[in-house]
Amino acid sequence: MADERTRDERIETYYEQSAWDLAEMLVDALDEAERLRISWLSARRRAADEANLGMEALEHQAAEIQRLNAQLDEARRRLAT
């Protein structure tokens, strides 16, 4: 049984469905790209925070070592006198 629609009607049907499918694929790809961009920014922000916290910890540790060295020097001076 032959399709009763005209050639132009069939083309229009296929065109509309294809355009819809392509538009869906494009929107899905854009959504995925945005999700990946946000994930990348979040990971980058976490890495920067970790680096900053690491530097703060090192600074704190250096200050603690300096304080302990000062206490040790003071204790040595007291013992020497």
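Quick summary incoming for the structure in this document. Fair warning: this is a prediction, and the values are worked out from it, not measured in the lab.

Definitions and cut-offs
- Residues numbered from 1 in each chain as written.
- Predicted model: local features only at pLDDT ≥ 70, side-chain atom pairs only at ≥ 80, totals over all residues.
- Heavy atoms only, no water.
- Helix = DSSP H or I, 4+ residues; strand = E, 2+ residues; numbered from the N terminus.
- Rg over C-alpha atoms; globule rule 2.2 N^0.38 Å.
- Areas by Shrake-Rupley, 256 points an atom, 1.4 Å probe, with all protein chains shown as cover.
- Lys, Arg positive; Asp, Glu negative; His and termini not counted.
- Charge placed at Lys NZ, Arg CZ, Asp CG, Glu CD.
- Buried < 20%, exposed > 50% of the residue type's maximum accessible area, 1.4 Å probe, protein only.
- Salt bridge = Lys/Arg side-chain N within 4 Å of Asp/Glu carboxyl O.

### Observations concerning the overall build of the protein chain
Within the protein chain, the regular secondary structure consists of one helix and zero strands. Its C-alpha atoms give the protein chain a radius of gyration of 35 Å, clearly above 12 Å, the size a compact globule of 81 residues would have. Once the C-alpha set of the protein chain is aligned to its principal axes, its extents read approximately 115 × 15 × 5 Å. A total accessible area of about 7700 Å² is found for the protein chain, and carbon and sulfur atoms account for 59% of it. The averaged location of the 19 negative side-chain charges in the protein chain is 14 Å from the averaged location of its 12 positive side-chain charges.

### Side note on the environment of Glu4
Inspection of the secondary structure assignment puts Glu4 in the segment before α1 (7–80). Take Glu4: its relative accessible area is 71%, and that puts it in the exposed class. Sequence-wise, Glu4 and Ala47 are 43 residues apart; in three dimensions their C-alpha atoms are separated by 63 Å.

### Section: the pattern of salt bridges
All chains considered together, the criterion is met by five salt bridges. Its salt-bridge partner being Arg35, residue Glu32 comes within 2.7 Å of it at the nearest N-O pair. Linking Glu32 with Arg35, this pair stays in helix α1, spanning three residues, or about one helical turn. Overall, the relative accessible area of 34% leaves Glu32 in the partly exposed class. The residue Glu74 makes a salt bridge to Arg78 at a minimum N-O spacing of 3.4 Å. One end of the pair, Glu74, and the other, Arg78, are both in helix α1, four residues apart, so they sit about a helical turn from each other. Linked through salt bridges whose partners overlap, the residues forming this network are Glu74, Arg77 and Arg78.

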